[in-house]
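Notes for the structure review
For reference, the chains in residue letters:
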Amino acid sequence: MERVNTKWVAAAASIWIQSFSGATYTFAIYSSILKSSQSYDQSTLDFVSVFKDIGGTLGIFSGALYTAMTSKPDGRGGPWVVVFVGLVQWFLGFFFMWASVVGLIAPPPVAVMCLFVFLAGHSLPFFNTANVVTAARNFSHYGGTAVGIMQGFLGLSGAILIQLYHAISGEGNPATFILLLAIVPTLVIFMTMPFVRVYETVTTSDKKHLDGLSVISLIIAAYLMFIITVQNILGLSRSMQIFSFVLVLFLLASPLLVAVRALREEKQTLSSLDCPVLDTSALLISPSPNVFPGLDHVVTEDSNILEAMSTMNFWLLFLAMLCGMGSGFATVNNMRQIGESLRYSTVQLNSLVSLWSIWNFLGRFGAGYISDTFLHKHSWPRPVFMAITLGIMSIGHIVVASGLRNSLYVGSVLIGMAYGSQWSLMPTITSEIFGIRHMGTIYFTISIAGPIGSYLLSVKVIGYFYDKVAYDNSCFGSQCFRTSFLIMASVALFGSLVASVLFFRTNKFYKRLVAKRNLK
């Protein structure tokens, strides 16, 4: 069994879990039936959707559980326990949501529906903590790339789940999609979670095999984009939809080839001692225990959550994420309603949600890989990429606000990539500034900024201005969302300025970090 359990098998298992756990990004597929079956107006639907976002970013409990399960000296527990706790919440949330929609149970009060949506969303921090933090620990010298891959597959999962939906039921009833979410990912995650384990080793071949996983992720993303485009333009028969999804499953199995190759090479190098394996306790190169001189403002190694919250850097990250993640959440939650107001067809709307997953993936993967490259080669601090991507997000909001032909497609590309970037940059920056021991707790505490921003922008901005111009809960034309997106453009631009402040505060720290890493 030990022969099977390597950090590359753990990475492959984590990829499968991430690939089937991003149901929060498909909310636009079933939001319409949730709205009609429960007789919600737009503001109520936006209010309910916020609890999905709250659950999806409330990771204090998952972070604490991960720390407890991976700190036991007797080896009991492990990341799989964290995954299992999330899996129970996932199944209960989606099953009772489906039961409410199809009438298996009486229509619940809004507060109870919020609980169902919260449970489904709250599973995500448990999956994400187990997979992202474990990847960061297993591949400590290339944390940005490893985190980017894991976050990237989570971004792709929306498109993968929608392809599953098309393969099983064609266009079907969105209620069927909710039932599929309750059953299929539950089975997949249950079978793969035992393989997610921590291996505190570093080998000189890590970069090569991570690049292999990166290539696989790009191939899967390109294939999904091709299938979505063909389906949108030409349409696909039921048999072709089934065949295309089976091919997705084969592509998802390909990380196992990387695991086999890595295992073979490690055996060869161990026998020849050409590539020694080193134990490491500094899992991501953490700052030294002392305050860096100058204007670095980076305090201690492996800060706990209270120590982190006492620093200005924590609150700068929090505020930047409130602006960036908040406006991103608000966009994806209202994607279907925006498309309907512009009279997009059902196929176009589903394609738009699927393509959002592709742009989300490119942002997550690209930001991790590119920031790693520029950090290693040019000592560029990661916060500079956060500032750049939030500026791009602001431009995307302006494009959507214009209401021009295909503006939603173009705007969703910019917003989706910029939004995805934050999910790769923020956890990596967190681990570097505050250390990795309490990374899960600090990372998801900062992530709470997302649903706070989503609530303010979805309910108080989008819902308010939509209902103001809507007639009988419906609105058609570019005026339905124009004001809201201009406001969100201003918010994203402010977030870019906040990230710029973080960049200047940590500039010298990152230069010292790279110098320290190069000495190892």
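In the block above lies the structure referred to throughout.
Residues numbered from 1 in each chain as written. Predicted model: local features only at pLDDT ≥ 70, side-chain atom pairs only at ≥ 80, totals over all residues. Heavy atoms only, no water.

Side note on the state of the cysteines
Under the convention used in this document: Any two cysteine sulfur atoms within 2.5 Å of one another count as a disulfide. Only protein chains enter the accessibility calculation, which uses a 1.4 Å probe. A residue is then buried if its area is under 20% of the maximum for its type, exposed if over 50%, and partly exposed in between.
Considering all chains together, one arrives at one disulfide under this definition. A disulfide bridge connects Cys 475 with Cys 480, and the sulfur atoms are separated by 2.0 Å. Between Cys 475 and Cys 480, the S-S dihedral sits near -90°, and the bridge is therefore left-handed. Just as Cys 475 is buried, Cys 480 falls in that class too.

Some thoughts on the nonpolar core
Rules: We define the nonpolar core as a collection of buried residues of types Ala, Val, Leu, Ile, Met, Phe, Trp, Tyr and Cys that are connected through side-chain atoms lying within 4.5 Å of one another. Strands here are runs of E lasting at least two residues and helices are runs of H or I lasting at least four, both read from the DSSP assignment and numbered beginning at the N terminus. For every domain, the bounds stem from an assignment made automatically or drawn from a database. Contacts were defined at the residue level, with two residues in contact if any of their heavy atoms lie within 4.5 Å.
Tyr 30, Phe 94, Met 97, Leu 156 and Met 386 are the most contacted members of the largest nonpolar core, which has 152 residues in total. For this core, the leading source of residues is helix α7 (residues 143–169), giving 14 residues. Counting only domains with at least three residues in this core, you end up with domain 1 (7–267) and domain 2 (301–519). Non-local contacts of Tyr 30, meaning those with residues more than four positions away in its chain, are made with Ala 23, Phe 94, Met 97, Pro 174, Phe 177, Ile 178 and Leu 181.

A few points about helix α17 (residues 407–434)
The following threshold applies: The span you would expect from a helix comes to 1.5 Å times its residue count less one.
With 28 residues, α17 extends 40 Å between its outermost C-alpha atoms, agreeing within 8% with the 40 Å of an ideal straight helix rising 1.5 Å per residue. Extensive coverage of α17 is indicated by the burial of 24 of its 28 residues.

Here we look at the packing of helix α2 (residues 27–37) against helix α5 (residues 79–102)
Helix-helix packing is characterised by the crossing angle of the two axes and by the distance between the axes. Here is the rule we go by: Between the N-to-C directions of two axes lies an angle of 0 to 180 degrees, each axis being a line fitted to C-alpha atoms and, for a helix, fitted only over the stretch in contact. In what follows, roughly perpendicular refers to angles from 65 to 115 degrees, roughly parallel to angles under 35, roughly antiparallel to angles over 145, and oblique to any angle outside these ranges. Put simply, a crossing is left-handed when the front helix is turned counterclockwise from the back one by less than a right angle, and right-handed when it is turned clockwise. Each residue is assigned to one class: nonpolar for Ala, Val, Leu, Ile, Met, Phe, Trp, Tyr, Cys and Pro, charged for Asp, Glu, Lys and Arg, and polar for all the others, Gly among them.
It is at 10 Å that the axes of α2 and α5 come closest, and there the two elements cross at 50°. When the axes of α2 and α5 are compared, the pair comes out oblique. Our pair here, α2 against α5, has a crossing hand that is left-handed. Residues Tyr 30, Ile 33, Leu 34 and Ser 37 of α2 lie in contact with α5, whose contacting residues are Phe 94, Met 97 and Val 101. Among the residues making up the contact of α2 with α5, the classes are represented as six nonpolar, one polar and no charged.

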